[in-house]
Amino acid sequence: SLSELIRLTGLKSSEAALAKRREYDEPFIIKNENEQLALAVREKITEQGLNYTKGGRYHHITGGVDKGLAVGYLIDLYKQINPHIKFAGIGDAQNDIAMLKQVDYPFLVRKPNGEFEKRAYFDGVIITDGIGPAGFCEAVDKLMRLKP
């Protein structure tokens, strides 16, 4: 329900109403989650021909879409206008991996415990020193200092 979504997420009523209109993935939580239960849920999802990913706070069921596919479409559109344009992405979770691999400047933000999502690490990814919003600001600041 809308009230439950507000309670779980801390979103305002208008934001929660928009979140309920999602079309391309279904976020969910696993009550009393443990590694074995999460693996079993993931297996059931993939058995149905769907995809599973883990975000910063929620698990997600998706069809044949992900952030990387969406960003790839945007990159293709913008490159038609300017083939030399560069792209950056900022993420902190497993569900950001595909997006980060699409861009020229991938930034991986540290989590509240100071660690970063190990599964999202790859050659070329830039790991922020900052955590959460501070890490996001750090990434933007670094982008602003890049020479064109």
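Being a predicted model, the structure only gives us computed values, none of them experimental.

A. Layout of the overall build of the chain. Helix and strand counts for the chain come out as six helices and six strands. Each of the three principal axes of the chain carries a C-alpha extent, and together these read 50 × 35 × 35 Å. Surface summary for the chain: the accessible area is close to 10300 Å², and the carbon and sulfur share equals 55%. For the chain, the distance from the average position of its 21 positive side-chain charges to the average position of its 20 negative side-chain charges is 3 Å.

B. Quick peek at the sheet that holds strand β3 (residues 59-62). Judged by pairing direction, the sheet is antiparallel, and its three strands sit side by side in the order β1-β3-β2 without closing on themselves. Edge positions in the sheet fall to β1 (25-28) and β2 (51-54), since each has one partner strand and no second. Here the average twist between neighbouring strands, direction ignored, is 25 degrees. Note that β1 and β3 share four bridges and pair antiparallel. By the bridge assignment for β3, Asp 25 is matched with Thr 62.

C. Up close: the packing of aromatic side chains. For the structure shown, the criterion picks out two aromatic pairs. Ring geometry for Phe 116 against Tyr 121: centres 6.0 Å apart, planes inclined by 45 degrees, an arrangement best described as tilted. By relative accessible area, Phe 116 is classed as buried at 17%. For the cation-ring pair, Lys 101 lies above Phe 122, with the distance from its terminal atom to the ring centre recorded as 5.5 Å. It is Lys 118 that lies over the ring of Phe 116; its NZ or CZ is 4.3 Å from the centre.

D. Region of the structure containing the pairing of β3. Sheet analysis places β2 next to β3, joined by four bridges and oriented antiparallel. Counted as the bridge partner of Thr 53 is His 60 from β3. Following β2, the chain reverses through four residues before pairing antiparallel with β3.

Rules used in this analysis
- Residues numbered from 1 in each chain as written.
- Predicted model: local features only at pLDDT ≥ 70, side-chain atom pairs only at ≥ 80, totals over all residues.
- Heavy atoms only, no water.
- Helix = DSSP H or I, 4+ residues; strand = E, 2+ residues; numbered from the N terminus.
- Areas by Shrake-Rupley, 256 points an atom, 1.4 Å probe, with all protein chains shown as cover.
- Lys, Arg positive; Asp, Glu negative; His and termini not counted.
- Charge placed at Lys NZ, Arg CZ, Asp CG, Glu CD.
- Pairing = 2+ DSSP bridges.
- Axes fitted to C-alpha atoms, helices over the stretch in contact; angles between N-to-C directions.
- Phe/Tyr/Trp six-rings, centres within 6.5 Å; stacked < 30°, edge-to-face > 60°.
- Buried < 20%, exposed > 50% of the residue type's maximum accessible area, 1.4 Å probe, protein only.
- Lys NZ or Arg CZ within 6 Å of the ring centre and 35° of its normal.

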